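# An overview of the molecular structure
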Amino acid sequence: MRNFVSRMAGELPPSGIRKFFDLLLTMDNVISLGVGEPDFDTPWNISQVAISSIEKGMTMYTSNRGLAELRELLSADLDQRYHTKYCPETEMIVTTGVSEGLDIAVRAVVDPGDEVLVVDPCFVSYQAEVLMAGGRPKTLPCSAQDGFKVTPDVLMESITPKSKVLLLNFPTNPTGGVMGKDDLQAIADIIIDHDLLVISDEVYAELTYDGHHVSTAAIDGLWERTITLNGFSKAYAMTGWRLGYLCAPKEMTDAALKIHQYVMMSAPTASQFAGIEALKNGEEAKNEMIAEYRIRRNLFVKGLNDVGLPCHLPKGAFYAFPSVEGTGLSDEEFAERLLREQHVAVVPGSAFGKNGRGHVRTCYAVDRAKLSEAVRRIGIFVESLHS
Ligand SMILES: Cc1ncc(COP(=O)(O)O)c(C=O)c1O
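Residues numbered from 1 in each chain as written. Predicted model: local features only at pLDDT ≥ 70, side-chain atom pairs only at ≥ 80, totals over all residues. Heavy atoms only, no water.

The next thing to look at is the site of the ligand. In the vicinity of the ligand, 13 residues are found, and the nearest of them are Ser 99, Asp 201, Ser 233, Lys 234 and Arg 242. At 2.6 Å, a side-chain N or O of Ser 233 approaches an oxygen atom of the ligand. At 2.7 Å from an oxygen atom of the ligand is found a side-chain nitrogen or oxygen belonging to Arg 242. Burial of the ligand by the protein amounts to 92% of the accessible area it has alone, namely 400 Å². Among the elements that make up the shell around the ligand, the one with the highest residue count is helix 5 (residues 97-109) (three residues). The residue makeup of the shell around the ligand, split by class, is five nonpolar, five polar and three charged. (Near = heavy atom within 4 Å. Polar contact = N/O pair within 3.5 Å; in protein donor to acceptor, adjacent residues only side chain to side chain. Areas by Shrake-Rupley, 256 points an atom, 1.4 Å probe, with all protein chains shown as cover. Helix = DSSP H or I, 4+ residues; strand = E, 2+ residues; numbered from the N terminus. Nonpolar A, V, L, I, M, F, W, Y, C, P; charged D, E, K, R; others polar.)

Taking burial as the measure, the six residues of strand 7 (residues 226-231) include six buried ones, the bulk of the element. Bridge count for strand 7 against strand 8 (residues 244-247) is four bridges, and the pairing is antiparallel. By the bridge assignment for strand 8, Asn 230 is matched with Tyr 245. (Buried < 20%, exposed > 50% of the residue type's maximum accessible area, 1.4 Å probe, protein only. Pairing = 2+ DSSP bridges.)

Mapped onto the secondary structure, Ser 323 falls in the loop between strand 9 (319-320) and helix 12 (331-342). There is a polar contact of 3.3 Å between the side chain of Ser 323 and the backbone nitrogen of Glu 325. Sequence-distant contacts of Ser 323, defined by excluding residues within four places in its chain, comprise Leu 309, Pro 310, Gly 358 and His 359. (Contact = heavy atoms within 4.5 Å.)

On to the sheet that holds strand 3 (residues 115-120), then. Pairing is mixed across the open sheet formed by seven strands, whose spatial order is 2-8-7-6-5-3-4. One side of each edge strand has no neighbouring strand; the edge strands of this open sheet are strand 2 (92-95) and strand 4 (136-141). Averaged over all adjacent pairs, the angle separating strand axes in this sheet is 20 degrees, with direction ignored. As judged from the six bridges shared by strand 3 and strand 4, these two strands associate in the parallel manner. Bridge assignment links Glu 115 to a residue of strand 4, and that residue is Arg 136. (Axes fitted to C-alpha atoms, helices over the stretch in contact; angles between N-to-C directions.)

Take a look at the structure:
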């Protein structure tokens, strides 16, 4: 029998995160700082509205673009929060999570051979999404010294005549880095001069702890060349609902909508009703969760530094990205031995790109007692390496 697997699927690298979780499943008493999702349940009023939508029999497809009420609320919310204006009828699509938004955005604009600039380290899906669209990922190295931001120098050095898209994600998974208004303004001219399109994944926007999130599309001259992606997974603790949205100027929304129609038809209907409730009555619960993440961030990052793992203060998302270079172990050895010896799961930084080497990603969306216990165990492990 011939090999039926496509060359693209065969060559796609597996996610570097998975193999650790296979090991973890075989162990007891593990504190997992490995998975990037909130530990809170979805606020009950949000779940309740979705349940009652099912009880009322509202279980059909919605329009391809998503429920009109949801798009209208989203449009008003984006305007109020980030000062970006999108027409709900022509410039927005409700998607099945940011994951689908990312896929249809990349496929709507990337032709085979086009280069897509991706921050390194970055979310594990980015390079794969570009490869699946036939594009070529090109990495933009970011470092702890620069707060894991994209600097004008690094951007200039990375652009080539084939560069078409810059894929940004702030606050960043895995580093917690944030680009403020000045940082974005500093790269805006380069983006415009080189006629680049930005795909801006802002799924962690509301998890910005110091100051306010600045949306890429709010920067002068960038709205018309930006596809903004956002969703409900992180801020509202709704990962399992698979609800996100894509916003862009009409011609790009139209292109993405064609792909969305063929691959997804519409986002889950009950989830869209849940999204409406989240926007109407979810603010308080969301703010409480964000306040709790901020407290955990401060406790955890201090704890890591105290036990000898240098860690910059992440300004957003819910990840800390300490350096493990001083331990003499590679990030993979560190993660594997920490899991085997102290039953704490973290992800090696190299799973997020070459520049993640020498770091580990830790997710602090875990309750405070578990976080302190994790710090205690990490301390014992680090100490054991010196004795
Ligand atoms: C940067 C980033 N983008 C997108 C996603 C996926 O989001 P969603 O659950 O909305 O598909 C994640 C999930 O971890 C992420 O970290």
